[in-house]
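# Notes for the structure review
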Amino acid sequence: MQARSSRSTPSKRSWLLAVLVLLLVLATVQFIERLARERDLEQERLGLITELAALGARIEGVINAHLLLVHGLTAVISAHPDIDQAEFSRIAHGLVDERHALRNIAGAPDLVVSMVYPLHGNESVIGLDYLRHPVQGPAALKALDSGQSVLAGPLPLIQGGMGFLLRDPVFVASGTPDAPMRPWGLVTAVIEMDRLYRQTGLLEVMPRLRLALQAIDGTEAGGAVFFGDPAILAQEPVSIAIEIPGGVWRLSAVPRSGWHNAIHSHAPIQLLGLLVALAVATMTYLLVHANEILEARVAARTAELATINKELETFTYSVSHDLKAPLRGIDGYSRLLLEDHQDRLDAEGQLFLNNVRQGVAQMGQLIEDLLDYSRMERRELHGVRVDLEPMVERLIRELQDDIQASGARLEVDLGGLSVHADPDGLLLVLRNLLDNALKFHRPGEPPVIGLRAQATETTVRLDIQDQGIGFDMRFHDRIFEIFQRLQRAEDFPGTGVGLAMVRKAMQRMGGRIHAESRPGHGTTFHLELPR
């Protein structure tokens, strides 16, 4: 009942292994999904960097276009340093219009504003001394000292509002030809902030992106974000640098919906991973459960075999003691009759008693062979390194009487080889094969028996060859079956167990045996054993 329950009831090991496999597959799916998310995030960031690069190039282009307009005015002033308000207004009139983001332009000879266009609405700028202004003074001196244009801002304007200031230094010729040019002053253009944002395209991308624009070098903004949302700087934004006159801006951006929402959904991967995990876990459970059932069956069969072996041992004991005892009695009484009452028996009676004793001896030998076969089936084998030459020499000494009686000649060439085998099992094999070679020889011809060995990479082949009566190869498999004989017992005595025992021993030692023969031309048995 217990064995049947173990076969049908799943064990904890089945469930634990199935759950473990499920978790491992799910973990693998999560890892793959994470790699996919990272890949999508990287692609999203690369795409955003590409878009920002185009936006940055547009911003630089718009600012440089306005810088070129101011450069044109500074070139006129450099050629005519005594320019007045009327001439200044006439030239600047073409620069300040709806096409450009310039709000007004001021000229400041000796860093004091004396000209401005348009004058209306900007009267408060006239007379501004940059050297005395705490905010615009340092930037004005920087532009004049460096001789380079400087874009500052956004800054509060004197006339009100916020804007960017594009300062362009003006230099004029000195009185003498070889003297360096002397500073005239500054031309400052006010760039309208909102119009600049619109012309550069910053406002166009706002529905899709969250931006942060900050000056990181050379401006009064001091690194603070002057356009967009400073909070995105903590959200791993992508950033590019924008070169502006006299400094650098940094433009940062993240998707307005956030990085995670911008990544493609991996629901198909998750669903497929879950299905695969469930399928693999189910297969693991079924395989483990089937293995447990198989193990239970093997254990049951092992117990049954142990019982059978125990019964076989009991039977063997009965055969060796109970069956042989009557045979010994029959043989003993037959011998006593022949010895003590021979004068009362005629020739026929004596023949009958001798036949009885001969049958008893054959029956006893058959019982011994059956016991040996049973022991070979059950005995524990010990695979060790066995040198062939010492074993064959020992066997020849044991069979010396039979060899001399038959006049046999042995030709032995084993090459000093050794095999991996059970010593007793190998000795049994060689003894039986040599017995057969001595027994099954052609009448009137002394046996010639050869024992030769040769090695391959993994095995040693031992050939035992005789010049005996041979057999028909149609009966090759039959000679290795128990109780199977090809000759009559009257011609060649035996029990038909020897070759069956040889094959069993070779199989249990991990070897093979086969024969080659022709009737009347002898037989060669080929043994293959591991090295």
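Described in the following lines is the structure provided in the data block. Source: prediction; values computed, not measured.

How each quantity is defined
- Residues numbered from 1 in each chain as written.
- Predicted model: local features only at pLDDT ≥ 70, side-chain atom pairs only at ≥ 80, totals over all residues.
- Heavy atoms only, no water.
- Phe/Tyr/Trp six-rings, centres within 6.5 Å; stacked < 30°, edge-to-face > 60°.
- Lys NZ or Arg CZ within 6 Å of the ring centre and 35° of its normal.
- Patch = residues over 30% accessible without salt bridge, like charges linked within 9 Å, V, L, I, M, F, W, Y side chains within 5 Å.
- Areas by Shrake-Rupley, 256 points an atom, 1.4 Å probe, with all protein chains shown as cover.
- Salt bridge = Lys/Arg side-chain N within 4 Å of Asp/Glu carboxyl O.
- Lys, Arg positive; Asp, Glu negative; His and termini not counted.
- Charge placed at Lys NZ, Arg CZ, Asp CG, Glu CD.
- Helix = DSSP H or I, 4+ residues; strand = E, 2+ residues; numbered from the N terminus.
- Pairing = 2+ DSSP bridges.
- Axes fitted to C-alpha atoms, helices over the stretch in contact; angles between N-to-C directions.
- Contact = heavy atoms within 4.5 Å.
- Buried < 20%, exposed > 50% of the residue type's maximum accessible area, 1.4 Å probe, protein only.
- Polar contact = N/O pair within 3.5 Å; in protein donor to acceptor, adjacent residues only side chain to side chain.
- Arc of directions from axis to C-beta.

A separate point is the packing of aromatic side chains. Given two aromatic rings, one states the distance between the centres and the angle between the planes to describe the pair. As enumerated under the stated definition, the model contains six aromatic pairs in all. By way of ring pairs, the aromatic residues Phe164, Tyr197, Phe226, Phe227 and Trp249 are connected into one cluster. Sitting over the ring of tryptophan 259, arginine 45 keeps its end group 5.1 Å from the ring centre.

What follows concerns a negative patch on the surface. On the surface, Asp387, Glu389, Glu393 and Asp413 cluster together to form a negatively charged patch. Position of glutamate 389 among the secondary structure elements: in helix 10 (residues 388-398).

Before going further, it helps to spend a moment on the sheet that holds strand 2 (residues 115-117). The sheet built from five strands is open, its strands ordered 2-1-5-4-3 with antiparallel pairing. A strand with exactly one partner marks an edge of an open sheet, and here the two such strands are strand 2 and strand 3 (150-156). The mean angle between the axes of side-by-side strands here comes to 20°, regardless of whether they run parallel or antiparallel. Here ten bridges tie strand 4 (residues 162-172) to strand 5 (residues 182-192), and the two strands are oriented antiparallel to one another. If you follow arginine 167 over to strand 5, its bridge partner there is threonine 188. Along the sheet, helix 2 (residues 12-79) contacts strand 1 (102-109), strand 3, strand 4 and strand 5; its crossing angle with strand 4, the most-contacted strand, is approximately 35°. This element, helix 4 (residues 136-146), spans strand 3, strand 4 and strand 5 of the sheet and lies at about 35° to strand 4.

Another aspect to go through is the side chain of threonine 200. Assignment of secondary structure puts threonine 200 in helix 5 (residues 193-200). Classification of threonine 200 as buried rests on a relative accessible area of 1%. Among the polar contacts made by the side chain of threonine 200, one reaches the main-chain carbonyl oxygen of tyrosine 197 at a distance of 3.1 Å. Excluding residues that lie within four positions of it along the chain, threonine 200 makes contacts with Leu55, Arg58, Ile59 and Val62.

Spatially, 11-13-14-16-15 is the arrangement adopted by the five strands of the open sheet, whose pairing is mixed. Each having just a single partner strand, strand 11 (409-413) and strand 15 (512-517) make up the two edges of the open sheet. On average, adjacent strands in this sheet sit at an angle of 15° to one another, irrespective of strand direction. Relative to strand 16 (residues 523-530), strand 15 runs antiparallel, the two sharing six bridges. When the bridges of strand 16 are listed, serine 517 appears paired with threonine 523. The sheet contacts of helix 12 (residues 423-439) involve strand 13 (448-455), strand 14 (459-465), strand 15 and strand 16, and relative to strand 16 the element is tilted by about 170°.

Listing the buried residues of helix 10 in full gives Leu388, Met391, Val392, Leu395 and Ile396. Seen end-on, helix 10 carries its buried residues on one side only, within an arc spanning 135°.

Turning to helix 13 (residues 498-508), a few remarks are in order. In terms of burial, helix 13 is a largely internal element, eight of the eleven residues being buried. Every buried residue belonging to helix 13 is among Gly498, Leu499, Ala500, Met501, Val502, Lys504, Ala505 and Met506, and all of these are buried. With its phi angle positive at about 80°, glycine 510 sits one or two positions after the end of helix 13.

All told, the structure shown has 15 salt bridges when counted by the stated rule. In this structure, arginine 90 engages glutamate 87 in a salt bridge whose closest nitrogen and oxygen atoms are separated by 2.4 Å. A residue pair is termed a helical-turn pair when its members lie 3 or 4 positions apart in one helix, as arginine 90 and glutamate 87 do in helix 3 (residues 85-92) at three residues. Residue classification places glutamate 87 among the partly exposed residues on the basis of a relative accessible area of 30%. Here the salt bridges share partners, and the residues they tie into one network are Arg394, Glu398 and Arg431.

Without other data, these values stay purely geometric and don't point to any function.
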